[in-house]
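So the chains spell out like this:
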Amino acid sequence: MPCILKQNDCYKMSTDKKIFTDSGIEIKTIYTREDLSDISPVEDGKAGVFPFTRGVQPDMYRGRLWTMRQYAGFSTAEESNQRYHYLLSQGVNGLSVAFDLPTQIGYDSDHPLADGEVGKVGVAINSLEDMEILFRGIKLDEVTSSMTINASGFILLAFYVALAKKQGADLSKISGTIQNDILKEYAARGTYIYPPKASMRIITDIFEWCAKEVPKWNTISISGYHIREAGSTAVQEVAFTLSNGKAYVQAAMQKGLDINVFGKRLSFFFNAHNNLFEEVAKFRAARRMWAKIMKDLGATDPKAMMLRFHTQTGGSTLTAQQPYNNISRVTLQTLAAVLGGTQSLHTNGYDEALSLPTEEAAGIALKTQQIVAFESGAPDTVDPLAGSYFVETLTAEVESAAWKLIEKIDAMGGSVAAIEQGFIQDEIAKSAYEYQRHIESGEKIIVGVNKFQTEEKNTIPVFKVDEEVQTRQIEKLKALKLKRDNDKVNASLNAVRETALGTENLMPVVLEAVENYCTLGEIADELRKVFGEYK
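Everything numeric in this text was worked out from a predicted model, so none of it was measured.

Definitions and limits used
- Residues numbered from 1 in each chain as written.
- Predicted model: local features only at pLDDT ≥ 70, side-chain atom pairs only at ≥ 80, totals over all residues.
- Heavy atoms only, no water.
- Helix = DSSP H or I, 4+ residues; strand = E, 2+ residues; numbered from the N terminus.
- Rg over C-alpha atoms; globule rule 2.2 N^0.38 Å.
- Buried < 20%, exposed > 50% of the residue type's maximum accessible area, 1.4 Å probe, protein only.
- Disulfide = S-S within 2.5 Å.
- Phe/Tyr/Trp six-rings, centres within 6.5 Å; stacked < 30°, edge-to-face > 60°.
- Salt bridge = Lys/Arg side-chain N within 4 Å of Asp/Glu carboxyl O.
- Polar contact = N/O pair within 3.5 Å; in protein donor to acceptor, adjacent residues only side chain to side chain.
- Contact = heavy atoms within 4.5 Å.
- Pairing = 2+ DSSP bridges.
- Axes fitted to C-alpha atoms, helices over the stretch in contact; angles between N-to-C directions.
- Patch = residues over 30% accessible without salt bridge, like charges linked within 9 Å, V, L, I, M, F, W, Y side chains within 5 Å.
- Areas by Shrake-Rupley, 256 points an atom, 1.4 Å probe, with all protein chains shown as cover.
- Core = buried A, V, L, I, M, F, W, Y, C linked by side-chain atoms within 4.5 Å.
- Left-handed = near helix turned anticlockwise from the far one by under 90°.
- Nonpolar A, V, L, I, M, F, W, Y, C, P; charged D, E, K, R; others polar.
- Right-handed = clockwise from strand over helix to strand, strands pointing away.
- Expected span 1.5 Å × (residues − 1).

A.B. asks: Could you clarify how one ought to interpret the overall build of the protein in this entry?
C.D. replies: Scanning the protein from N- to C-terminus turns up 21 helices and eleven strands. In terms of C-alpha radius of gyration, the protein reaches 24 Å, essentially the compact-globule figure of 24 Å for 535 residues. Over its C-alpha atoms, taken along the principal directions, the protein stretches across nearly 90 × 60 × 45 Å. Looking at the protein as a whole, 56% of its 535 residues qualify as buried.

A.B. asks: Could you clarify how one ought to interpret the state of the cysteines in this entry?
C.D. replies: Two cysteines joined by a covalent bond between their sulfur atoms form a disulfide. For the coordinates displayed, the defined rule picks out zero disulfides. With no disulfide of its own, C210 lies closest to C518 among cysteine sulfurs, the gap being 20 Å. Look at C210 and you get buried, because its relative accessible area is 1%. Taking the relative accessible area as the measure of exposure, C518 reaches 0% and is therefore buried.

A.B. asks: Explain the packing of aromatic side chains here, please?
C.D. replies: Note on aromatic pairs: each is described by the distance of the centres and the angle between the planes. Overall, the coordinates contain 18 aromatic pairs when judged by the stated rule. Plain terms: the ring middles of F283 and F309 are 5.0 Å apart, the flat faces sit at 20° to each other, and that makes the pair stacked. Taken together, the residues F283 in helix α11 (residues 276–297) and F309 in strand β10 (residues 309–313) connect sequence positions 26 residues apart. Here the aromatic residues F268, F270, F283, W290 and F309 are joined through ring pairs into a cluster of three or more.

A.B. asks: Please explain the pattern of salt bridges as it appears in this structure.
C.D. replies: Proximity of charged atoms lets side chains of opposite charge pair with each other. Within this structure, the stated rule accounts for 33 salt bridges. With its nearest N and O atoms 3.8 Å apart, the salt bridge here joins K481 to D110. Here the residue K481 occupies a position in helix α18 (residues 469–483), and D110 occupies one in the loop between α3 (101–104) and α4 (128–134), the gap between them amounting to 371 residues. What makes D110 partly exposed here is its relative accessible area of 37%. Between E522 and R484 there is a salt bridge, with its nearest N and O atoms 2.8 Å apart.

A.B. asks: Is there a simple way to think about the side chain of R228 in this case?
C.D. replies: Here R228 is to be found in helix α8 (residues 225–229). In this structure the side chain of R228 is engaged in a polar contact, spanning 2.8 Å, whose partner is the side chain of E237. Apart from residues no more than four positions distant in its own chain, R228 is found in contact with T233, A234, E237, N271, H273, E279 and K282.

A.B. asks: Would you mind going over the sheet that holds strand β4 (residues 94–98) with me for this structure?
C.D. replies: In a beta sheet, neighbouring strands pair by backbone hydrogen bonds and run either parallel or antiparallel. As summarised here, the arrangement of the nine strands in space is β7-β6-β5-β4-β3-β11-β10-β9-β8, forming an open sheet in which the pairing is parallel. This sheet does not close on itself; its edge strands, each paired only once, are β7 (217–218) and β8 (220–223). Judged from the five bridges that link them, β4 and strand β5 (residues 144–148) form a sheet pairing that is parallel. Each bridged residue has a counterpart across the sheet, and for V97 the counterpart in β5 is M147. Packing against the sheet, helix α14 (residues 359–375) makes contact with β3 (67–72) and β11 (344–346), and its axis sits at approximately 165° to β3.

A.B. asks: Looking at this structure, I do not really get a nonpolar patch on the surface. What am I missing?
C.D. replies: Side chains of I445, V447 and F452 sit close together on the surface and give an oily, nonpolar patch of about 280 Å² of accessible area. Taking the relative accessible area as the measure of exposure, F452 reaches 52% and is therefore exposed.

A.B. asks: Just checking my understanding: could you explain the nonpolar core for this structure?
C.D. replies: Generally speaking, soluble globular proteins have nonpolar side chains that are buried together. Counting residues in hydrophobic clusters, the biggest one holds 139 residues, and the most contacted among them are M131, F135, M147, F154 and I523. Looking at this core element by element, the count peaks at twelve residues for α11. By size, the runner-up hydrophobic cluster in this structure holds five residues, among which are A114, V118, A124 and V465.

A.B. asks: Can you walk me through the packing of helix α2 (residues 77–89) against α14 in this structure?
C.D. replies: Any two packed helices are characterised by the angle at which their axes cross and by the distance between the axes. Packing of α2 against α14 leaves a shortest axis separation of 11 Å and a crossing angle of 35°. α2 and α14 meet at a crossing whose hand is right-handed. Touching R83, Y86 and L87 of α2 are E359, A362, G363 and L366, all from α14. The residue makeup of the contact of α2 with α14, split by class, is four nonpolar, one polar and two charged.

A.B. asks: Which parts of the structure should I look at to understand the pairing of β3?
C.D. replies: Of all six residues that make up β3, five are buried, and the element is covered over most of its length. Where β3 and β11 come together, three bridges link them in parallel fashion. For R69, the partnering residue across the bridge sits in β11 and is H346. One ladder, built from four bridges, connects β3 with β4; its direction is parallel. Considered in β4, the bridge of R69 is made with G94. Assessed by its sense of winding, the connection that carries the chain from β3 through α2 to β4 is right-handed.

A.B. asks: Where do I start with helix α7 (residues 196–213) in this structure?
C.D. replies: The periodicity of an α-helix, 3.6 residues per turn, causes residues three or four positions apart to be oriented the same way. With 18 residues, α7 ought to run about 26 Å at 1.5 Å a step, and its terminal C-alpha atoms sit 25 Å apart, in line with that. Counting buried positions along α7 yields 13 of 18 residues, so the element is predominantly enclosed.

A.B. asks: Please explain the pairing of strand β6 (residues 175–178) as it appears in this structure.
C.D. replies: Looking along a regular strand, one sees the side chains alternate between the two faces of the sheet. Neither face of β6 is exposed, since S175 and T177 on one face and G176 and I178 on the opposite face are all buried. Taken together, β5, helix α5 (residues 153–166) and β6 form a β-α-β motif whose crossover is right-handed. As paired strands, β6 and β7 are joined by two bridges and run parallel to one another. By the bridge assignment for β7, G176 is matched with W217.

A.B. asks: Hey, could you run me through unusual backbone geometry in this one?
C.D. replies: Most of the time, phi is negative for any residue but glycine, and the peptide bond is trans. Geometrically, the link from F50 to P51 is a cis peptide bond, its omega value of 0° lying close to zero. In this fold, P51 is placed in the loop between β2 (26–27) and β3. Residue N180 is not a glycine yet carries a positive backbone phi of 55°. Within the element layout of this structure, N180 appears in the loop between β6 and α6 (183–189). You will see that Q322, though not glycine, has its phi angle at about 45°, which is positive. By the secondary structure assignment, Q322 is in the loop between β10 and α13 (325–339).

A.B. asks: So what exactly am I meant to see when it comes to the environment of A77 here?
C.D. replies: Structurally, A77 is set in helix α2. Along the chain, A77 and V123 lie 46 residues apart, while their C-alpha atoms are 6.2 Å from each other. Non-local contacts of A77, meaning those with residues more than four positions away in its chain, are made with V123, I125, D130, I133 and L134.

What follows is the structure, given as structure tokens:
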């Protein structure tokens, strides 16, 4: 219906409505040059220089596109290996491994608590033998591998290094990442094993060992992704992630490690949600903030101040209703990650609200990245949204709100103390509640869920894991334990336990144990005897 009021009255009515991002940042009707008057200009307008607001490389994607990863892993090592070969044939240039829940919390497939979970949300890896099968036909010095593993990450890293040695790879050249971020497990995800102090010791042991033995390996991927998936806002994702990163850096420095050495091997892992502009602002603000944090902690090498990050599109944004809509959501999120300057990217399958992604869905997800890379023009220039009155203002507002949260955490004694006091968990829970409340009230529209619904009959094929996977894994374990040298196994496990009781680095004895075919569960159990379990 046309407006019958005076033009100025109509304009006033249209501007009276307040609009906020999910982080509570108010969005004005229009942004002008005056909005930038209180904001420091982007330092000398360049990328690749401190504080890296515009990106970590001077030419960004003109020099090299982001690494296209597809997160995959399910059932047995044999089946996951087939999916990896398919993805590599389709143009993936980095593998990203998903592990099942028993593997993530340090249990072999024959443990009673593993019953019903083997191979369900990732691949089951019990031993070096499984790792050999998982990467059969794939040379580890020719791909980069990202492994989403935390509490048992040090054991999976040892499996990977042992396999690289068996392949004859030069360890100084293999590259990849283990997530290895235990603090967000206590705050948001829950796949922890050991108490915080022991976990932090393991993490700093990894930092120290990798610097000497696998210098190109990213020793941690400090993860905001799961914080966001648990219900945080974009601002909280930045604040809690960078605060956790600060805690890891301080722990490493207390161990005597050089911030300019281990700082270069830190990486981050962020979520990409649907609000295109807030997400781009979030990535730009995070880079600027991390550079300042590292400089304040004593870093002098610019590479140690760079925030390099992997992005995954938002799993929690996917809907079981009208699932093909998820292709559009993932495309928006892909664009946000690229415009925000990500270094690598995984795009979710449209069917992941229903099951693990089918091969078809994984293929469409990868093609989405390739279309953005080669058809959209988004990678053609550095930080293409820089200078936008809106984006620059929003970047500053995200940064300001995130600093306020970090200051609260610092006042509590840092991330570990804030987690122990339940502060971070409570803040995420409040945000998750508010988000859901806005959906249920209709204030926030989710297409196909609370508006524009249709009568639908789901005909999308879902991916199912064979229930016999667990039986086959248990049989493989039994056969392994019969053919390995169990005297060497026992000696290796004793060495792991004795080292844990002292202060020496754990990685050399863990590597020796996996090379003697000790299982993941056996190694994790030795450390449970010493460190206990977090409750």
